[in-house]
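Here's the letter readout for the chains.
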Amino acid sequence: RNGTLSLAEFAKVCEQLKPKSPPIDEATKKVFDRYDFDRSGQLSKLELRSALRELRIDVSTPEAANAIAKYDADRNGSLSLDEFAQVCAKLQPPPPKPREVATVRNPDADIKDRQESVFRKYDRNRDGSLDKRELRSALAELNLDLSGDEAAAALRRFDANGSQSLDMQEFSRLASMLAPVASDAVTKVFKRFDTNGTGALDRQELEAALKHMGVQMSSKEVGAAMRSVDSDSNGRLDLPEFARLCKNIESGSVRR
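Residues numbered from 1 in each chain as written. Predicted model: local features only at pLDDT ≥ 70, side-chain atom pairs only at ≥ 80, totals over all residues. Heavy atoms only, no water.

Caption draft 1: Main features of the overall build of the protein chain. The helix and strand inventory of the protein chain stands at 14 helices and 0 strands. Ordered by position in the sequence, the α and β elements of the protein chain form the string α-α-α-α-α-α-α-α-α-α-α-α-α-α. By the burial criterion, 39% of the 256 residues in the protein chain qualify as buried. When contacts within the protein chain are restricted to residue pairs at least 6 apart in sequence, those whose partners lie at least 24 apart make up 58%. Put simply, the protein chain shows about 15,100 Å² of open surface, and 51% of that area lies on carbon and sulfur atoms. (Helix = DSSP H or I, 4+ residues; strand = E, 2+ residues; numbered from the N terminus. Buried < 20%, exposed > 50% of the residue type's maximum accessible area, 1.4 Å probe, protein only. Contact = heavy atoms within 4.5 Å. Areas by Shrake-Rupley, 256 points an atom, 1.4 Å probe, with all protein chains shown as cover.)

Caption draft 2: Fine view of the packing of helix α11 (residues 185–193) against helix α12 (residues 203–212). Between α11 and α12, the least distance of the axes is 9 Å, while the angle of their chain directions is 135°. The pairing of α11 with α12 is recorded here as oblique in orientation. Here the hand of the crossing between α11 and α12 comes out right-handed. Across from V189, R192 and F193 in α11, the residues of α12 making contact are E205, A208, A209 and H212. Its residues placed into classes, the contact of α11 with α12 shows 4 nonpolar, 1 polar and 2 charged. (Axes fitted to C-alpha atoms, helices over the stretch in contact; angles between N-to-C directions. Parallel < 35°, antiparallel > 145°, perpendicular 65-115°, else oblique. Left-handed = near helix turned anticlockwise from the far one by under 90°. Nonpolar A, V, L, I, M, F, W, Y, C, P; charged D, E, K, R; others polar.)

Caption draft 3: Seen up close, the packing of aromatic side chains. Tallying each qualifying case throughout the model produces 3 aromatic pairs. Centroid distance F32 to F84: 5.7 Å. Interplanar angle 50°. Geometry classified as tilted. Of this pair, F32 sits in helix α2 (residues 26–35) while F84 sits in helix α5 (residues 81–91), and the two are 52 residues apart along the sequence. Assigned by exposure class, F32 and F84 land together as buried. Geometrically, the ring pair formed by F119 and F171 is tilted, given 5.8 Å between the ring centres and 45° between the ring planes. Placement of F119 in helix α7 (residues 107–122) and of F171 in helix α10 (residues 168–178) is noted, with a sequence separation of 52 residues between them. (Phe/Tyr/Trp six-rings, centres within 6.5 Å; stacked < 30°, edge-to-face > 60°.)

Caption draft 4: Local environment of the nonpolar core. Counting residues in hydrophobic clusters, the biggest one holds 40 residues, and the most contacted among them are L135, L139, F171, L206, L210, F242 and L245. Among the elements of the structure, α7, α8 (132–141), α9 (148–158), α10, α11, α12, α13 (219–229) and α14 (239–251) are those that each provide at least two residues to this core. The residues contacting L206, other than those within four sequence positions of it, are L201, V222, M226, L237, F242 and L245. Among the nonpolar cores identified, the runner-up in size contains 15 residues, and L52, L55, C88 and L91 belong to it. (Core = buried A, V, L, I, M, F, W, Y, C linked by side-chain atoms within 4.5 Å.)

Caption draft 5: Inspection of unusual backbone geometry at higher detail. Backbone geometry at R126 places phi at a positive 55°, although glycine is not the residue there. In this structure, R126 sits in the loop between α7 and α8. Of note in this structure, Q164 is not a glycine but carries a positive phi near 65°. Looking at the secondary structure, you find Q164 in the loop between α9 and α10.

Caption draft 6: Expanded view of the environment of A208. Mapped onto the elements, A208 comes out in helix α12. Judged by relative accessible area, which is 31%, A208 ranks as partly exposed. With 19 residues separating them in the primary sequence, A208 and V189 have C-alpha atoms 9.9 Å apart.

Caption draft 7: Quick peek at the side chain of D36. Looking at the secondary structure, you find D36 in the loop between α2 and α3 (45–54). By relative accessible area, D36 is classed as buried at 5%. Among residues more than four places away in sequence, those in contact with D36 are G41, Q42, L43 and E47.

Caption draft 8: Region of the structure containing the packing of α2 against α5. As a packed pair, α2 and α5 sit with axes 10 Å apart at the nearest point and diverge in direction by 120°. Considering their axes alone, α2 and α5 lie oblique with respect to each other. Judged by the sense of rotation from one axis to the other, the crossing of α2 with α5 is right-handed. Across the interface between the two elements, T28, K29, V31 and F32 of α2 pack against L81, F84, A85 and C88 of α5. In terms of residue class, the contact of α2 with α5 is built from 6 nonpolar, 1 polar and 1 charged.

Caption draft 9: Region of interest: the side chain of D194. When you line up the elements, D194 lands in the loop between α11 and α12. Put simply, D194 is tucked away with no salt bridge, and the nearest opposite charge, on R236, sits 7.1 Å away. Polar side-chain contacts of D194 include one of 3.2 Å to the backbone nitrogen of T198. D194 has contacts with G199, A200, L201 and E205, leaving out every residue within four places of it along the chain. (Lys, Arg positive; Asp, Glu negative; His and termini not counted. Salt bridge = Lys/Arg side-chain N within 4 Å of Asp/Glu carboxyl O. Polar contact = N/O pair within 3.5 Å; in protein donor to acceptor, adjacent residues only side chain to side chain.)

Below is the structure:
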């Protein structure tokens, strides 16, 4: 009772005053574990986007971007389970009224059913995976038309176990990521400015594409915007990454 605090006493006070993390429900933990593909205990930007979409959380809004940045406590660009639970608690839409539960069909369930049906159809040798040729046919059936180079790039990126093919889970991740963008003008712009046909835009091609779309950005701003969505840090943007950048620009979370 001397009116001062020792270092140990100060640390104890800080711990007591620290905001309590919300309890983590089993559904949230299951989604986290499902998309923590490398079992690192962290969700990367790419894994996080897929996980939040499964929970029907719109990650394209400035509110979502701000929440993700806020709860990334250690500023490492990925989220732990506790951080992920806090983001979900902040952004989770209110549950439907009880009477709606029995009558409203989750559209994501329809998408998953469709993806599984197409996967089984084109897994012609029944080995539980799609090679590059089967992958292109399956995506085409979902109205996701990729060139040979684009399919090869997608295969390399989503083939988590290095098998040179995609299993159902990997295929679903790819199809879900492509679906929102493959049928609109973004895909046409991407294909037009992928001048060397690699399935990705380098910085020069990206600057030309954005200029064509009427986006006025300096070379420095383009570089920063590119890094913000370049999830594999290879200095190029594939179609999903380019689409995310376009959505971020449209939402205002990237300066134009």
